[in-house]
Amino acid sequence: ANSTCIFFGSDISSHNLKPLWGNGFSPVSGPDKDKIFMGRDDILTMRQMGVNLIRLYDWDSRNYHTNFLDYCHSNNIKVLVPVSNYNLGAYGTPPPMDESIRNLIKSFGNREGNNYHPAIYGIIIGSELDLPSEMPKGYLAKYTKRWAELENKYYPKYTKLPIGHPVSFATHNGKYPCFEFWDNLLAELKDVTISDLDKRLILCPHTYNEASYLFDDAEGSHRGWVDITYDKYNLPILFCEIGCSRLERSD
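This write-up is about the structure you can find in this document. Please read these numbers as outputs of a predicted model, since none were measured by experiment.

### Let's talk about the packing of helix 4 (residues 97–107) against helix 5 (residues 139–154)
- At a minimum axis separation of 10 Å, helix 4 and helix 5 run at an interaxial angle of 60°. The orientation of helix 4 relative to helix 5 falls into the category oblique. The element helix 4 and its partner helix 5 pack so that their crossing is right-handed. Contacts between helix 4 and helix 5 involve Met97, Asp98, Ser100, Ile101, Arg102, Leu104 and Ile105 from the first element and Tyr139, Lys142, Tyr143, Arg146, Trp147, Leu150, Glu151 and Tyr154 from the second.
- In terms of residue class, the contact of helix 4 with helix 5 is made up of 9 nonpolar, 1 polar and 5 charged.

### Description of helix 5
- Here helix 5 contains 16 residues, and its C-alpha end-to-end distance of 22 Å stays within 8% of the 22 Å for a straight helix at 1.5 Å per residue.
- Along helix 5, the residues that are buried comprise Tyr139, Leu140, Ala141, Tyr143, Thr144, Trp147, Ala148, Leu150 and Glu151.
- On its buried face, helix 5 is in contact with strand 4 (78–83), helix 4, strand 5 (120–125), strand 6 (163–164), helix 6 (179–189) and helix 7 (197–200).

### Quick word on the packing of aromatic side chains
- Following the criterion strictly, the structure yields 18 aromatic pairs and no others.
- When the ring of Phe169 is compared with that of Tyr213, the centres are 6.2 Å apart and the planes differ by 75°; the resulting orientation is edge-to-face. Placement of Phe169 in the loop between strand 6 and helix 6 and of Tyr213 in helix 8 (residues 211–215) is noted, with a sequence separation of 44 residues between them. Tyr213 matches Phe169 in its accessibility class, with the two residues each being buried.

### A look at the environment of Phe169
- For Phe169, a relative accessible area of 15% puts it in the buried group.
- Spatially, the C-alpha atoms of Phe169 and Asn75 are 31 Å apart, while their sequence positions differ by 94 residues.
- If we ignore the near neighbours within four places in the chain, the residues touching Phe169 are Pro177, Cys178, Pro205, His206, Thr207, Asn209, Tyr213, Leu214 and Trp225.

Conventions and cut-offs
- Residues numbered from 1 in each chain as written.
- Predicted model: local features only at pLDDT ≥ 70, side-chain atom pairs only at ≥ 80, totals over all residues.
- Heavy atoms only, no water.
- Axes fitted to C-alpha atoms, helices over the stretch in contact; angles between N-to-C directions.
- Helix = DSSP H or I, 4+ residues; strand = E, 2+ residues; numbered from the N terminus.
- Parallel < 35°, antiparallel > 145°, perpendicular 65-115°, else oblique.
- Left-handed = near helix turned anticlockwise from the far one by under 90°.
- Contact = heavy atoms within 4.5 Å.
- Nonpolar A, V, L, I, M, F, W, Y, C, P; charged D, E, K, R; others polar.
- Expected span 1.5 Å × (residues − 1).
- Buried < 20%, exposed > 50% of the residue type's maximum accessible area, 1.4 Å probe, protein only.
- Phe/Tyr/Trp six-rings, centres within 6.5 Å; stacked < 30°, edge-to-face > 60°.

Here it is, written out as structure tokens:
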């Protein structure tokens, strides 16, 4: 938005964006560096709306996020922290896998550096990678398994947080949305016991369908998609996007 390039990427929870999500901030330098200015306080606004969980899309491990997580925690808001698609090679050659994972785990940590931050509810890896991307085939499962291995090796006492993979609500070649993606991914992950990965997996669909499809009658089955999905996979379902399509409704 300007020519100075003081910000980069789309990591909205970094310390640099505290004027937006926080209640106050001080410049890091200049004549006003000792003054406190009022922030927009998006976190407080969301708490007052009744929000208790925030899903983030992008997270750059080079940025500082502890203040954001602390402020969410003080407002009783949990956070789904993301492994951005960049780390998975969705935009070309992925960065070194082990380095990417260790940097992210470190950036998700608490101030003491001995556990994940208490504001974090779970870890979500990628977003809608069932859709066409440049991610290498099988990389998502490989990355997730490597996460569990490195977590077990270097951070064995860390809380075993839920891990999910947000997916679009497309049917692709299957009858029900998401099923083809989960069939392929879970075949690689459901028996991985290191760091209790098999016990931590959650399903993270996106949907713009109406409640009748989700809870009453999906594809003429006379059963809701949620019930059909839970019976098939027996895993917790956490919608990471939910709404109603603006493209298909006249109102």
